[in-house]
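Secondary and tertiary structure notes
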Amino acid sequence: MKKKISIPLWFLSSLLRFFFVKKGVYCFVATHNKPWGCNMEAFCHYIAGLSTTNKIYILNFSTSSNSEIMADFFDCSVPVTIFTETKSLSTLWGLVHPELFFLNDYSTFRVPGRKINLWHGIPLKKIGVFQNKKHKALNRKFSKVVSAKSKFDHYNMAKAFNMPLEKVIASGLPRHDWVMGTLPLPPSSLAQVETLKKQLNGKKLVLYAPTFRDGDVEGLPICTDKLKAWAELLSKYGYVLGVRCHLITLTDHNLRNLGVIDLSSMEFKNIEVVYSLTDILVTDYSSVSVDFMLTNKPILGLDVSENSYNRGFMLDFDALFPGSFHKDWVIFTEHMVDIISGAGSRFDYSNQKTQLLGNYSGYACRALAEQLDILNTEQ
């Protein structure tokens, strides 16, 4: 059951904010049915290191425990307080003091004040108004929404959230700074990097990361027989197959018996941990392909299912997908063998990077902080 701030608490905090809002205090709302992470965690850790930040509050309604979240702030000089109650008066100050609230999806959880939506990715699939007309009300829920530093994403996020262009902050995505290495991964993620290294045991990794499909809770559009055959093929060349299904799916396959590593969010919370050790990415319609372009490593598309993706896309998918896309299993495996044996062609994603990422250069957190006036002009 989803938690929401109680109406009386929301009303009282809205009144008290006129007197008690404090400069340099920020609140992050960790949402339901998802782990603490993504742009939320990346930007939180970034501003925790700024001299202009006085305090951080976290409303934790996620699947991550308070102790999991706090473990990464053990050496932080900024006070961090976590609230989990939706009706308690102790949560009141978590709603009254913050200068800004940061969220990561469509929901506001009845928090007052200025709400910045740190949308989790660069949408290839239709979202917001493009997906459902009921989302026209999103423009009343958020003060601003974050997008990539490209004209394409800036325009489409404005349309999807029914907002004017000036309310979309084209800063780049904070978690991309993790991929580029300009923002250090938190300690728990660094520990998971070491865990994955041990599982790989010196072998190279092929990451298979399909997206969700509306109405399909399985989350794995490929049969287990093909997965096993794929893993066996890769093993001959010193590679390991790892599978990471979308976190909203309920896939429960015994991957270990198939010779496949489970790279799900239950095992590795942040996908950036997996990216750091991935040699080849295979996906379908997920925006992980956009993320992975930053590594300059091979990307392949794969969809051999009979169920066509019927939601539709925000762009000309075939034109902007980075890499070759396959719907024939035999041709796909032949192409993969060419790549891992060194016979494959060079991979150049410069056009797709320009179209989808704009002029992002590795400092999205700083660009976002500047546009939100979190940084002093001297910094």
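See the structure shown above.
Residues numbered from 1 in each chain as written. Predicted model: local features only at pLDDT ≥ 70, side-chain atom pairs only at ≥ 80, totals over all residues. Heavy atoms only, no water.

Below, the discussion takes up the environment of Val193. Counting through the fold element by element, Val193 comes out in helix α9 (residues 187-200). Linking Val193 and Phe347, residues 154 residues apart in sequence, is a C-alpha distance of 26 Å. Setting aside residues up to four positions removed in sequence, Val193 forms contacts with Leu185, Val273, Ser276 and Leu277. (Helix = DSSP H or I, 4+ residues; strand = E, 2+ residues; numbered from the N terminus. Contact = heavy atoms within 4.5 Å.)

A few words on a nonpolar patch on the surface. A cluster of nonpolar side chains, namely Phe18, Phe19, Phe20 and Trp93, defines an oily patch on the protein surface of about 520 Å² accessible area. Counting residues per element, the nonpolar patch draws most heavily on helix α1 (residues 7-20), at three residues. Mapped onto the secondary structure, Phe18 falls in helix α1. (Patch = residues over 30% accessible without salt bridge, like charges linked within 9 Å, V, L, I, M, F, W, Y side chains within 5 Å. Areas by Shrake-Rupley, 256 points an atom, 1.4 Å probe, with all protein chains shown as cover. Salt bridge = Lys/Arg side-chain N within 4 Å of Asp/Glu carboxyl O.)

Strand pairing in a sheet relies on backbone hydrogen bonds, with the paired strands running either antiparallel or parallel. Spatial strand order, β3-β2-β1-β4-β5-β6-β7: seven strands in an open sheet with parallel pairing. In this open sheet, the two edge strands, each paired with only one partner strand, are β3 (80-83) and β7 (168-170). On average, each strand axis in the sheet is tilted by 25° relative to the strand beside it, whichever way the strands run. Inspection of the sheet shows strand β1 (residues 25-30) paired to strand β2 (residues 55-60) by six bridges, in the parallel sense. Each bridged residue has a counterpart across the sheet, and for Val29 the counterpart in β2 is Leu59. (Pairing = 2+ DSSP bridges. Axes fitted to C-alpha atoms, helices over the stretch in contact; angles between N-to-C directions.)

Of all six residues in β2, five are buried; the element is thus mostly enclosed. What joins β1 to β2 is helix α2 (residues 38-48), and the crossover it makes is right-handed. (Buried < 20%, exposed > 50% of the residue type's maximum accessible area, 1.4 Å probe, protein only. Right-handed = clockwise from strand over helix to strand, strands pointing away.)

Our focus in this paragraph is the environment of Phe268. Take Phe268: it is sitting in the loop between β10 (260-262) and α11 (271-275). Phe268 sits in the buried class, given a relative accessible area of 1%. For the pair Phe268 and Val168, spaced 100 residues apart in sequence, the C-alpha to C-alpha distance is 31 Å. Apart from residues no more than four positions distant in its own chain, Phe268 is found in contact with Gln192, Thr195, Leu196, Gln199, Arg244, Asp262, Leu263, Val273 and Val274.

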